[in-house]
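Examining the three-dimensional arrangement
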Amino acid sequence: MTVRSTVETFPAVRALEGLDQAWFWSPAPGLNFYGAATADGSRLFQLHTRDHADDAFAVALLAHARRHEDELTGEAAVATTVEWQAPAGYGFDTLASLPPEVHQHYEYEDKAFNAQVFVVYGGYRCEFPDALTMDEFLARERMVDWSVAPRDPAPFLRMRYANPRTGSSSVGSERGVATEAVLLQELQLLDGVEGAFVEFENYRRQVQHVRWDHGLSLTEDGRTSTLTGDELTAHVKAALYGA
């Protein structure tokens with residue numbers, strides 16, 4: 001079964017100008033769906049945007065997905081990515097694809113169609129770690145609205161921490177998925193607190209440990225250095241966003 005026969009039954013669907021076998025439809029106010037069939041018409045790349053409809057952006061993203069369809073539909077991963085230079089006005093440097101068993105967008109209304117759909121969206125390299133797990137993806141999904149375009153990067157990170165002064169700490173010995181804002185806040189609270197620490201992991205799976213020991217002490221790859229607050233912030237930014 002081709003995806004075209006299903007998509008063309010959607011209410012108010014229209015052809016997307018600038019790309020063959022591509023469509024636009026809006027299932028609810030403010031929610032915009034774009035789709036493009038793969039070369040053989042058997043699968044669909046589907047893009048969602050919220051409160052922002054831009055056909056030119058959608059055409060650029062879907063055309064790039066189609067050019068890389070073997071990579072984006074063939075790897076058994078939670079999310080598969082390829083490099084992508086988004087159009088002017090969008091900072092995305094990555095295109096991500098979610099397989100049917102991850103997005104499950106049509107799982108309950110049409111299982112057969114769900115198995116043909118790959119949800120795609122623009123992102124940033126720093127958002128996608130190697131070997132992303134399903135638990136990590138679900139935690140990130142609660143923190144980042146992938147349907148917003150354009151948007152700023154939301155770098156992937158995991159962290160654990162403890163601060164005797166505030167009495168705050170992470171739960172358990174494992175690093176949990178967190179946001180940059182939480183990481184920076186906990187790093188600022190280390191100042192002058194003996195026994196306080198923050199440990200974080202970036203998208204490259206590099207782990208760094210910061211503690212207060214008569215100053216801010218950073219340990220990375222077995223090497224320890226002392227940094228000022230400004231130096232630490234710059235270092236963390238580079239670790240989270242760096243290529």
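Note: the structure precedes this text.
First, a word on what this report is: a plain description of the structure on this page.

So, how was this worked out
Residues numbered from 1 in each chain as written. Predicted model: local features only at pLDDT ≥ 70, side-chain atom pairs only at ≥ 80, totals over all residues. Heavy atoms only, no water. Helix = DSSP H or I, 4+ residues; strand = E, 2+ residues; numbered from the N terminus. Buried < 20%, exposed > 50% of the residue type's maximum accessible area, 1.4 Å probe, protein only. Contact = heavy atoms within 4.5 Å. Areas by Shrake-Rupley, 256 points an atom, 1.4 Å probe, with all protein chains shown as cover. Pairing = 2+ DSSP bridges. Core = buried A, V, L, I, M, F, W, Y, C linked by side-chain atoms within 4.5 Å.

**Overview of the overall build of the protein**
Each helix and strand in the protein was counted, giving eight helices and 14 strands. With the C-alpha coordinates aligned to their principal axes, the bounding extent of the protein is approximately 65 × 35 × 35 Å. Going through the 243 residues of the protein one by one, you find that 49% of them count as buried. Summarising the internal contacts of the protein: among those between residues at least 6 apart in sequence, 49% fall at separations of at least 24. When the accessible surface of the protein is summed, it comes to about 11,900 Å², and 51% of that surface belongs to carbon and sulfur atoms.

**Digging into the sheet that holds strand β1 (residues 14–15)**
Pairing within the open sheet is mixed, and its seven strands lie in the order β1-β2-β3-β4-β7-β6-β5. The outermost strands of the open sheet, each flanked by one partner alone, are β1 and β5 (80–83). Relative to strand β3 (residues 31–37), strand β2 (residues 22–28) is paired through five bridges, and the arrangement is antiparallel. Counted as the bridge partner of A22 is A36 from β3.

**Things to note about the environment of D152**
Relative to the elements of secondary structure, D152 occurs in the loop between α6 (134–141) and β8 (158–163). With a relative accessible area of 66%, D152 lands in the exposed category. With 54 residues separating them in the primary sequence, D152 and L98 have C-alpha atoms 20 Å apart. In contact with D152, other than residues within four places in its own chain, are Y124 and E127.

**Here we look at the nonpolar core**
By size, the foremost hydrophobic cluster in this structure holds 54 residues, and its most contacted members are L47 and L62. When contributions to this core are tallied by element, the ones reaching two or more residues are α1 (3–7), β2, β3, β4 (44–50), α2 (55–67), β6 (94–98) and β7 (117–123). Of the residues forming this core, the biggest block, seven residues, is contributed by α2. Once residues lying within four places of it in the same chain are set aside, the contact partners of L47 are N32, F33, Y34, F57, A58, L61, L62, V120 and Y121. Residues M159, L184, L187 and L216 belong to the second largest nonpolar core, which totals 21 residues.

Worth remembering: the numbers are spatial, not functional.
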